[in-house]
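# A structural walkthrough
Here is how the chains run, residue by residue.
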Amino acid sequence: MSLFNCACSSKESKLFEANSFDKISKEVPKKSKKQDSSRQINARMSSQTFKIYSPNIAQYELIVTIGKGHLNASTISLAKHKPSESLVAVKRINVEEWDNKLSYLQNEIIITQQLSHPCLLPIHCSFISGQELWSIMPLMAFGSCKDLIHAYFNSGLPEQAIVFILRDVLLALEYIHHRGIIHRGIKASHVLISKNGQVCLSGLHNCFNTIQNGKRLRKVHDFPMHTIDCVHCYSPELLEQNLAGYNYKSDIYSMGILACELANGQSPFSDMSATQMLLEKLNATKPKLADSTTVGEFVIDDDDIEDQTATTQEKADAIFFRRTFSPHLHDFVSVCLERDQLCRPSATQLLSHALFKAIKNKSSSVLPSLLQPVTPLSDIAKAPKALLVEEEDFSRKMSEVSMQDDWTF
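Reading the values: the criteria
- Residues numbered from 1 in each chain as written.
- Predicted model: local features only at pLDDT ≥ 70, side-chain atom pairs only at ≥ 80, totals over all residues.
- Heavy atoms only, no water.
- Pairing = 2+ DSSP bridges.
- Helix = DSSP H or I, 4+ residues; strand = E, 2+ residues; numbered from the N terminus.
- Axes fitted to C-alpha atoms, helices over the stretch in contact; angles between N-to-C directions.
- Salt bridge = Lys/Arg side-chain N within 4 Å of Asp/Glu carboxyl O.
- Buried < 20%, exposed > 50% of the residue type's maximum accessible area, 1.4 Å probe, protein only.
- 1 Å grid on protein atoms, 1.4 Å probe; cavity = no way out; pocket = protein on both sides within 12 Å on 5 of 7 lines; lining within 4 Å.
- Points joined across faces, edges and corners; volume = space filled by probe spheres on them.
- Nonpolar A, V, L, I, M, F, W, Y, C, P; charged D, E, K, R; others polar.
- Phe/Tyr/Trp six-rings, centres within 6.5 Å; stacked < 30°, edge-to-face > 60°.
- Contact = heavy atoms within 4.5 Å.
- Expected span 1.5 Å × (residues − 1).
- Parallel < 35°, antiparallel > 145°, perpendicular 65-115°, else oblique.
- Left-handed = near helix turned anticlockwise from the far one by under 90°.

### Describing the sheet that holds strand E3 (residues 86–94)
Spatially, five strands are ordered E1-E2-E3-E5-E4 in an open sheet, and the strand pairing comes out antiparallel. Of all strands in the sheet, those with a lone pairing partner are strand E1 (60–69) and strand E4 (125–129), marking the two edges. Recorded for the sheet is a direction-independent mean angle of 30° between the axes of neighbouring strands. Bridge count between strand E2 (residues 74–81) and E3: eight bridges; the pairing is antiparallel. Each residue of the ladder has a partner; that of Ile76, found in E3, is Lys91.

### Focus on the pattern of salt bridges
What the rule picks out here adds up to ten salt bridges. Of the charged contacts, one joins Lys80 and Glu61 as a salt bridge, the two residues approaching to 3.6 Å between their closest N and O atoms. Taken together, the residues Lys80 in strand E2 and Glu61 in strand E1 connect sequence positions 19 residues apart. Look at Glu61 and you get partly exposed, because its relative accessible area is 33%. In this structure, Glu237 engages Arg344 in a salt bridge whose closest nitrogen and oxygen atoms are separated by 2.6 Å. Taken together, the positions of Glu237 in helix H6 (residues 236–240) and Arg344 in the loop between helix H10 (327–336) and helix H11 (347–350) put the pair 107 residues apart, joining distant regions of the chain. Connected through salt bridges with shared partners, the residues Glu61, Lys80 and Glu85 form a single ionic network.

### Considering empty space enclosed by the protein
Enumeration over the complete set of coordinates arrives at two cavities of 30 Å³ or more. Lining the largest cavity are twelve residues, and of these Glu108, Thr112, Leu121, Ser202 and Gly203 sit closest to its centre. Taken together, the residues of the lining of the largest cavity sort by class into seven nonpolar, three polar and two charged. Space inside the second largest cavity adds up to approximately 30 Å³. For the second largest cavity, the full set of lining residues is Lys91, Ile93, Leu105, Glu108, Ile109, Leu133 and Ser135. Of all the elements, helix H3 (residues 102–114) adds the most residues to the lining of the second largest cavity, at three residues.

### Description of the packing of aromatic side chains
Within the structure shown, the criterion is met by five aromatic pairs. Ring geometry for Trp98 versus Tyr104: centroids 5.8 Å apart, planes at 15°, classification stacked. Each member of the pair Trp98 and Tyr104 is classed as buried. One aromatic cluster in this structure is built from Tyr60, Phe127 and Trp134.

### Some thoughts on the sheet that holds strand E8 (residues 191–193)
On the basis of which strands lie adjacent, the open sheet formed by three strands has the order E6-E8-E9 and antiparallel pairing. Where the open sheet ends on each side, the last strands, each with one partner, are strand E6 (143–144) and strand E9 (199–201). Pairing between E8 and E9: three bridges, direction antiparallel. When the sheet's bridge partners are listed, Val191 is paired in E9 with Leu201. Those strands touched by helix H5 (residues 159–178) are E8 and E9, and its axis lies near 40° from that of E9.

### A closer look at H3
Here H3 spans 18 Å end to end across 13 residues, near enough to the 18 Å set by a 1.5 Å rise per residue. Taken across its 13 residues, H3 has eleven buried, putting it largely inside the fold. Regarding H3, the residues found buried are Leu102, Ser103, Tyr104, Leu105, Gln106, Asn107, Glu108, Ile109, Ile110, Ile111 and Thr112.

### A look at the environment of Leu342
Along the chain, the position of Leu342 falls in the loop between H10 and H11. The class for Leu342 is exposed, based on a relative accessible area of 72%. In this structure, the C-alpha to C-alpha distance between Leu342 and Lys249, residues 93 residues apart in sequence, is 7.9 Å.

### Quick look at H5
End to end, H5 covers 28 Å across 20 residues, agreeing with the expected 28 Å (1.5 Å per residue, within 8%). For H5, a buried count of 17 out of 20 residues is recorded, marking the element as mostly surrounded by other parts of the structure. Of the residues flanking the end of H5, it is Gly180, one or two places downstream, whose phi is positive at about 80°.

### Overview of the packing of H5 against helix H7 (residues 249–264)
At their nearest, the axes of H5 and H7 sit 11 Å apart, and the two run at 160° to each other. Put simply, H5 runs roughly antiparallel to H7. Between H5 and H7 the crossing geometry is right-handed. Counting all contacts with H5, which are made through Ile162, Ile165, Leu166, Val169, Leu170, Leu173 and His177, the residues of H7 involved are Asp251, Met255, Leu258, Ala259, Leu262 and Ala263. Taken together, the residues of the contact of H5 with H7 sort by class into eleven nonpolar, one polar and one charged.

### Details of the pairing of strand E5 (residues 132–138)
Along E5, six of the seven residues are buried, which leaves the element largely enclosed by surrounding structure. Where E3 and E5 come together, seven bridges link them in antiparallel fashion. Bridge pairing links Asn94 to Glu132 in E5.

### Observations concerning the side chain of Ser254
The topology assignment puts Ser254 in helix H7. In this view, Ser254 contacts Ile186, Cys233 and Tyr234; residues no more than four positions away in its chain are not counted.

### A look at unusual backbone geometry
Residue Pro373 follows Gln372 across a cis peptide bond; omega there is 15°. For Pro373, the location among the structural elements is in the loop between helix H12 (367–370) and helix H13 (391–401).

Next comes the structure, spelled out in structure tokens:
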């Protein structure tokens, strides 16, 4: 049964039908014929892909749980799509036990299905089965960047991999910003990587549509409904909630936080209380990349390195002195984290940054080679079988072995 035909959601769905994204097209700036043609090709490819996934629970065989989402309210499972014999990811949420408004879930589904871009994680289809809302999505075999950091790259990803990831996330941001959407949730666990190296941005459940009643809002005062796991990446103006409001430049600040998280292996401000973090951001504290040029500005904790026999200084040397990030990456982070939103560039302007000059004509298909020795989960023969009864226990064991942070959608 379709989500929008179920009794529990029919009232909520009307709300979103009234705020259809069809009116966005009137506000989108004109593009060249080449760009329009490219968008049409992507849309045709996207629609052809979606056609093979039908809202029929019998077509999907759940294999094992691979993560949680929505503050553990949803379960992400590895599944096999029987007609195509391909692996997919299935997100299931018990709508009867959902504590928040159903419109929160509908918003993510409707917006995701209204958008079509290679760097945005699509939802093939969604439907209600019993008391559960099922969303069928492509399997991102490398998981999230947060998974990669916790399991393999504790001190941060290689710079070249970071550059490819940032570029693709910016392409996704450029696309949604032109359509009047502010993401409001850019972080490492919302950046997923496929087995072919395709980077996809997810986490649209907290996004905001700035086009209201046919007009684009120049400033926004709305605060996201669920902020516990995203508050560290929010811009100062979003957290401040003053009369000046915020706009799409808030996402650019989050890009700077994301770059630091990918490079340092830890998100800035994550070790602070919410109050302290707010004060630091309002006082224009600007996080930096940790390498040989900035190591003197960092305080190293004794638990940062597994080798407890080394001194604190030796641990710092092992982390930072052996690497030096390029001046372009340092500058990218600096311009993104400007306290004044007027001083931050747009996503389109950032795509012309010198950081991306070396990969201008390169595909993300080289990304898997930069993530070695990580191997993607792409072979169904290697996936655990018949574990549905013990799937929660298996998920716990997997997190202990390789993933300290689950997929977040």
